[in-house]
Every structure is written in C-alpha cells, then in structure tokens.
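# Secondary and tertiary structure notes
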Amino acid sequence: MKSTTGQSILKMGYIMQTLNRKNFNKNKYPTKIMQFGEGNFLRAFVDWQIDKLNQTSDLSAGIAIIRPIDYDTLPLLNTQDGLYTTIIRGLNEQGETVSEERIIGCVNEEIPIYKNLERFLELATNSDLKIIFSNTTEAGIEYIDSDKLEDKPAKAFPAKLTQWLFHRFNHFAGSAESGMVIIPCELIDYNGEKLKEIVLKYAKNWQLPEEFTQWLNVHNHFCSSLVDRIVTGFPRDEHQQLQESLGYLDNFMVTAEYFHLFVIQGPKHLAELLCLKDSDVNIKIVDDISPYKQRKVAILNGAHTALVPLAYMANIDSVGDALSAQLFERYLTQLIADEIIPTLDLPADELKKFASDVLNRFRNPYICHLLLSISLNSMTKFKTRLLPQLFKYVELNQKVPELIAMAMAGQILFYRGVRNDESIALSDSEQWLAFFKDNWLEYGRGSLSIDQLVEKFLACDWHWETNLNDISGLKQSIVGYLQSMLNTSVAATIESKLGQ
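Residues numbered from 1 in each chain as written. Predicted model: local features only at pLDDT ≥ 70, side-chain atom pairs only at ≥ 80, totals over all residues. Heavy atoms only, no water.

## Overview of unusual backbone geometry
Filter applied, for reference: Secondary structure elements follow DSSP: runs of H or I of four or more residues count as helices, runs of E of two or more count as strands, with numbering from the N terminus.
The step from Lys 152 to Pro 153 runs through a cis peptide bond, and the omega angle for that step is -5°. Looking at the secondary structure, you find Pro 153 in the loop between β8 (131-134) and α4 (157-171). Positive phi outside glycine occurs at Asn 315, with the angle close to 70°. You can see Asn 315 is positioned in the loop between α9 (290-313) and α10 (319-324).

## Points about the side chain of Arg 43
This is how the line gets drawn: Buried means the residue's accessible area, taken with a 1.4 Å probe over protein chains only, is under 20% of the maximum for its type, while exposed means over 50%, and partly exposed covers the values in between. Positive charges are assigned to Lys and Arg, negative charges to Asp and Glu, while His and the chain termini are left out of the count. Salt bridge, as used here: a side-chain nitrogen of Lys or Arg that lies within 4 Å of a carboxyl oxygen of Asp or Glu.
Here Arg 43 lies in helix α1 (residues 40-44). Buried charge without a salt bridge: Arg 43, with Asp 47 as the nearest opposite-charge side chain at an N-O distance of 6.0 Å.

## Let's talk about the sheet that holds strand β10 (residues 221-222)
For the record, the criterion: When DSSP finds two or more bridges between two strands, those strands count as paired.
Pairing is parallel in the open sheet, where six strands are placed in the order β7-β4-β3-β8-β9-β10. The sheet terminates laterally at β7 (107-112) and β10, the two strands that pair on one side only. Across five bridges, the pairing between strand β4 (residues 62-67) and β7 is parallel. The residue bridging Ile 66 from the neighbouring strand is Ile 111, located in β7.

## Topic: α4
As a reminder of what qualifies: A helix is expected to span 1.5 Å for every residue after the first.
Spanning 15 residues, α4 covers 21 Å between terminal C-alpha atoms, matching the ideal 21 Å at 1.5 Å per step. Burial analysis of α4 places 12 of its 15 residues in the buried class, the great majority of the element. The complete set of buried residues in α4 reads Phe 157, Pro 158, Ala 159, Lys 160, Leu 161, Thr 162, Gln 163, Trp 164, Leu 165, Phe 166, Arg 168 and Phe 169.

## Re the packing of α9 against helix α12 (residues 348-362)
Packed helices, taken two at a time, are described by the angle between their axes plus the distance between the axes. What counts, and what does not: In this description, a line fitted to the C-alpha atoms serves as the axis of each element, helices being fitted only across the stretch in contact, and the angle between N-to-C directions of two axes falls anywhere from 0 to 180 degrees. Here a crossing is taken to be left-handed if its near helix is turned anticlockwise relative to the far helix by less than a right angle, and right-handed if that turn runs clockwise. Contacts are residue-level and defined by heavy atoms, with any inter-residue pair within 4.5 Å sufficient. Throughout, the ten residues Ala, Val, Leu, Ile, Met, Phe, Trp, Tyr, Cys and Pro are labelled nonpolar, Asp, Glu, Lys and Arg are labelled charged, and all others, Gly among them, are labelled polar.
It is the contact of α9 with α12, at a shortest axis distance of 10 Å, that shows an interaxial angle of 40°. The crossing of α9 and α12 is right-handed. Counting all contacts with α9, which are made through Tyr 292, Arg 295, Lys 296, Ile 299, Leu 300, Ala 303 and His 304, the residues of α12 involved are Glu 350, Leu 351, Phe 354, Ala 355, Val 358, Arg 361 and Phe 362. Along the lines of polarity and charge, the residues of the contact of α9 with α12 split into nine nonpolar, one polar and four charged.

## What to know about the sheet that holds strand β16 (residues 283-286)
Strand order across the open sheet formed by three strands is β11-β15-β16, with mixed pairing between neighbours. Each end of this open sheet is capped by a strand with a single partner; those strands are β11 (224-228) and β16. Neighbour to neighbour, the strand axes of the sheet diverge by 10° on average, direction disregarded. Note: β11 against strand β15 (residues 261-265), five bridges, orientation antiparallel. Its bridge partner lying in β15, Leu 226 is registered against Val 263. On the sheet, α9 packs against β11, β15 and β16 and is oriented at approximately 30° with respect to β11.

## Some thoughts on the nonpolar core
Inclusion rule: Put simply, a nonpolar core is a bunch of buried Ala, Val, Leu, Ile, Met, Phe, Trp, Tyr and Cys residues held in one set by side-chain atoms that sit within 4.5 Å of each other.
In this structure, Ile 299, Tyr 331, Met 408, Phe 457, Trp 464 and Leu 474 are the most contacted members of the largest nonpolar core, which totals 80 residues. Tallying contributions element by element places α9 first for this core, with 12 residues. When neighbours within four sequence positions are excluded, Leu 474 is seen to be in contact with Leu 390, Val 400, Ala 405, Met 408, Leu 458 and Leu 468.

## Describing the packing of α9 against helix α11 (residues 326-340)
Test applied: When an angle is under 35 degrees it counts as roughly parallel; over 145 it counts as roughly antiparallel; between 65 and 115 it counts as roughly perpendicular; any other value is oblique.
Taken N-terminus to C-terminus, the directions of α9 and α11 make an angle of 140°; their axes are 10 Å apart at the nearest point. With respect to each other, α9 and α11 are oriented oblique. In this structure, α9 crosses over α11, and the sense of that crossing is right-handed. Two secondary-structure elements touch here, α9 through Ala 298, Ile 299, Ala 303, Ala 306, Leu 307, Leu 310 and Ala 311 and α11 through Phe 328, Tyr 331, Leu 332, Leu 335, Ile 336 and Ile 340. Split into classes, the residues belonging to the contact of α9 with α11 amount to 13 nonpolar, no polar and no charged.

On their own, these measurements won't tell you what the molecule is for.
Here it is in structure tokens:
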C-alpha cells in the first residue's frame, strides 16, 4: 500500500484515484462568489452550503478562494481542481446518528494573492461576481496604518479588500450593478459594520475619490453575520481509513458537526441572489441579527457555562458524558426551558427548536468536548452568558432563577480548585484566582463561613458591575446549594432540586 500523500494507493488489489475533475465528473459553475480564506471552517460551512444550493436550486455559483496570507507550507486546492470531501457527523433532528459524505464541487480555484495578485484583481472585472465571504480570523479585520494603495498587496485583509473594490469601481465606472454583498464570518460582534468602517477609513486616508466612497455606501452591502457550526477539521487520525472507505485519495477532506446556522443581517435581495426559496440550508436573512446572537449566547453558550462546573465536580469529564447521564440532561433541559427561553425575544417555537438542536449537539458522539478545556475564563463567561438571563428572570418573575443560582454555587465550588483531593488546573484572571484562593483558605481555617464567602463573591462589583447581594434571595439560594454540595455531593444536590 502506497502512502496516502502520494498520487495513488493500492486498496484490495486496485489503485485508488486522487480526487480531481479528471477522475471525477463534477459540474463547474461560473464564478459568482469570492472568498477570503481557505481554512477548514469556510470550506465545511459556507462552501458546503453553496454546493448544496447549486444542486438543489438555480444558484449555479462557483467560488474563487483567495489565500490571503503569504505561506507555502500547505498545497493549494488547485492540486485537486478545487474538489474535496466534507464529512458531516452528529445527531439529526430525530436524534439519530448520521454521517454524510459530500464531494464539494463549487470551488473553481484558489488564488495565492502574494504570488498571483494579477488574477486577484482580474476577478474585480467579473460582472457575474456579486458576493464576497471572508474568514481571516478575529484578528483579520484590522487597520494597519502602513498599508498603501500601491502595495502589492496591502497587508491587512480590509486593505486588500479596499484595493479590490477600488479596482472594480474604476473598471465599471462606479455603476450600481457592480456593487457587492460582503459577508464577513469572522467571530467578532457586528463584523460587517466593523469591516465597512475600516474600508471607509482606508478610502479616506488613501485620499480615494469621494465618488468611490459614495459607491461603497450606496451600492455595496456590508452584512454582519452569525455563524454556528463546529468544524473539527482535517481528520488526521482517521484519514487513511476514510480514504479507504470512500475509495479515493483526498488530502483536503474536512469534518464537521451535523448542525449549521448562518444568520446574515443583509438586504432582502440577498435571499434571491442565493436562491434560498424552498431551500433546506439553514441560512436566515434578517433585519436585525441581535436576537439570534442573544439566543446563541444564552442557550448554547449559557448551557455550556452552567454545565461545566456542576458536571466536572460530579466526576464527569466531557460534555457528551454529562448528557448521557440522565440527571444532567434533565438539569439542562429544565434550565433552558424554564429560566433561559422565557427571557429571550424570539418566537417560542424557534427557541424550543434551537434548544433541542443544542442538546443534540452536546450529545454528538463524534466530538469530545472536555469540560476542563472549556472552563477557561468561566467567570467572564458567566457574566456575559447567564447574568443577563438572571436579571431578566428576576424582573419578569420577582424571584430567583434557582437553576442559575445552582450553577453559581457550582462555580464557587469549582474554583475551590480541588476534585477528589486532586488539584484542578484553573484558568482565569489573576484577580479571580487570588480571590478564590484566599477565601477558600479562610474557610478551611474556620475563619470564614459559607454565608460570608458567598456574600463576598456576590459583592465583587469590579467584575459584576453591581452588588449582586441586592438581588433578594440570591445569596440565600447559592448558600443553600453550596452547603448541600459540600455536605453531600453535587449530584445529590441537583437530584434533590429536580425531584421537587
């Protein structure tokens, strides 16, 4: 059997072919989309969705991928004529385990911008090209003062984009039809607005014509987006086995979870551009992205944050193992249904469907999320993900959300830094680590009660930006749960509460 990095491999007496357009008959579509970034996420998220739309609608869109960084350590997708395999695995809507393989055929070329700037700029003259996607990491949407229009190319991604847009503006004489829909997927709040702000800053500082700025503002749409899919990337440990199963060689295959959601705050005509009518891809074009961001932060991220300390202190090490324990499945289901969903502003049926999807994602047998690895900076996560729901719940119900209070008790216990007499590798701000170390030491010496410890915890207005002791009943609930966890166990405390 030859190496999988070669051009062929002997399998059961025959030579497996490399995945490319010569060996596999895949449709090629006109280039209508440009994409900054060739990484696993965009290929298993955006490109996967475009490929599905090509096969189920009239979209017929090819993608030109721009490699925005100057490196040669990885080969270009061109070595496989743009073809690669996505392997989508997880639990479907019915809770069934699924694994779906798809050869992605919508990528026409990958252009290394530092080696082929001319081809990059040539795309600006393509009248069919209407949409730009990007994912250049969170640090990619930045302004670099030293970038100049005449650079070949500029360093920052927004500067490269400004060069390209100015080239397009000049070629088409600023026509309305030449405007673009630009959809960044970088994980920063309101990424579209931030990207537009920087592009306009380059246009001003480079002293580009006012007509160009007007064209940017009137005929181009910079859309903020919310992306949601866990992409586990290249299946290094399974690569050879998967190639043998598929029957061909593919050095660009990428794995991802079953769930996907793409929310775009964009113009109405974008739905027509993407041919979304009657589509089964989970792309939503909305006027305001904020309710969807709040939903994700509160339900998905909030459930994670509540689960981590409780499950870990109950001697469970992964999210999947926690969900296979009926106790924690009941806890999360009740937490989301009773204390999180009622505080959110989307239709109840949408929220319930998303919550069901979240629990299926947590159960995904193909992904191992270690609780300790996602406990990083849990105090900040609690503040951003669950504290708004605590405030809203109290406002609506005039009482404490008990399961959120229990999660706070779990946080305090977790930050004691000990499980089964073994130290926990805590990772948070120095201020919080010092706070918990000092106060748990005082408790251990008998000079601080649990009541006093919780009161001091809630009084940390340098973090909470308020004194949480002012919330009637919150301290008493946390003290009760924390004392129960110390006297019995985390599991017994949860069981006692849920059994009521």
